[in-house]
Amino acid sequence: MMKLFYAPGTCALAPHIVLEWIGQPYELQKVKPSDPEYLRLNPLGQVPALMDGNSSVMNQADAVLKYLAHKYPEAQLNDDGTLEGAYELDRWLAFLTGDVHPAFFPFFAPQRYLIDDSEPARNSVKEAAYKLIDRVYRHLDQHLENKEHLVGDRRTIADPYAFAMIRWGNLLPNGLSNYPQIDRFYQHWRNDEGVQRAMQQQGIQK
Ligand SMILES: N[C@@H](CCC(=O)N[C@@H](CS)C(=O)NCC(=O)O)C(=O)O
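Described in the following lines is the structure provided in the data block. What you see is a predicted model, and the numbers here were worked out from it, not measured in a lab.

### As for the packing of aromatic side chains
Centre-to-centre distance and the angle between the planes together describe a pair of aromatic rings.
Item 1. Scanning all chains against the criterion turns up 13 aromatic pairs.
Item 2. Relative to Y38, the ring of F5 lies with its centre 6.0 Å away and its plane at 45°, an arrangement referred to as tilted. Pair noted here: F5 is in strand β1 (residues 2-6) and Y38 is in helix α2 (residues 36-41), with a separation of 33 residues, a long-range link.
Item 3. The interplanar angle of 10° and the centroid separation of 5.1 Å between the aromatic rings of F163 and Y186 together place this pair among those described as stacked. Taken together, the positions of F163 in helix α6 (residues 158-167) and Y186 in helix α7 (residues 180-190) put the pair 23 residues apart, joining distant regions of the chain.

Next up, the structure:
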């Protein structure tokens, strides 16, 4: 059976939603990424991680999502099979994993960007994070105009990944109010049954 290692509200929400959509049995293991026991499993100390039966530990959210999409083609969560479709899915996964997710690092952990830690210095790093986040969110907001799917016209693994990255925007000083298309996308997927089940299982709201 598959086992997903997660921490509530993190990017691990994306593969969690995908597992719900796939509908095959799986186990959930809540972890603290810095826990020594978990570090033995995933030395990077990050979630998500996935084990499939006796497989080795798989990590990196986009690779885990791709693994699930490939393993369960009947769930139709991968690209549309065309070369262009494969490129589109890959480029949006790369944007989420390489641009959006890292833009939030200094927001969630400003101390990691400081040698001389202090409250004003942390606030300054957070201010810088708002600019980084704004840049990628504006790009996303433009792309989502009149769209319910990040890629193509049906759901793919990119949608729950985008949802997890957008959910964090609610924590910004102005929430999602500056990004109307992102906000609409968020409200749409917030009503999805698989999304709701995953959020409930993680004990997270909004
Ligand atoms: N490149 C990794 C990044 C994963 C990552 O940073 N996960 C965060 C949660 S969203 C984490 O586990 N952070 C714990 C830490 O950095 O200590 C991926 O895409 O899976």
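### Topic: α6
Item 1. For α6, the buried fraction is high: 10 of the 10 residues fall into the buried class.
Item 2. Among all positions of α6, only A158, D159, P160, Y161, A162, F163, A164, M165, I166 and R167 are buried.
Item 3. Against the buried residues of α6 lie α1 (13-22), α3 (61-71), α4 (83-108), α5 (119-143), α7 and α8 (193-202).

### Observations regarding the layout of surface pockets
Over the atoms rolls a probe the size of a water molecule, and its path tells where empty space is left.
Item 1. Looking at the largest pocket, its volume works out to about 860 Å³.
Item 2. Along its surface, the largest pocket is lined by 29 residues, and T10, V47, H101, F105 and W168 are the ones closest to its centre.
Item 3. The set of elements that each furnish at least two residues to the lining of the largest pocket consists of α4 and α6.
Item 4. A breakdown of the residues in the lining of the largest pocket according to their chemical character gives 15 nonpolar, 11 polar and three charged.
Item 5. Taken domain by domain, the lining of the largest pocket gets at least three of its residues from each of domain 1 (2-77) and domain 2 (83-192).

Thresholds, definitions, all that
- Residues numbered from 1 in each chain as written.
- Predicted model: local features only at pLDDT ≥ 70, side-chain atom pairs only at ≥ 80, totals over all residues.
- Heavy atoms only, no water.
- Phe/Tyr/Trp six-rings, centres within 6.5 Å; stacked < 30°, edge-to-face > 60°.
- Helix = DSSP H or I, 4+ residues; strand = E, 2+ residues; numbered from the N terminus.
- Buried < 20%, exposed > 50% of the residue type's maximum accessible area, 1.4 Å probe, protein only.
- Contact = heavy atoms within 4.5 Å.
- 1 Å grid on protein atoms, 1.4 Å probe; cavity = no way out; pocket = protein on both sides within 12 Å on 5 of 7 lines; lining within 4 Å.
- Points joined across faces, edges and corners; volume = space filled by probe spheres on them.
- Nonpolar A, V, L, I, M, F, W, Y, C, P; charged D, E, K, R; others polar.
- Domains from an automatic or database assignment.

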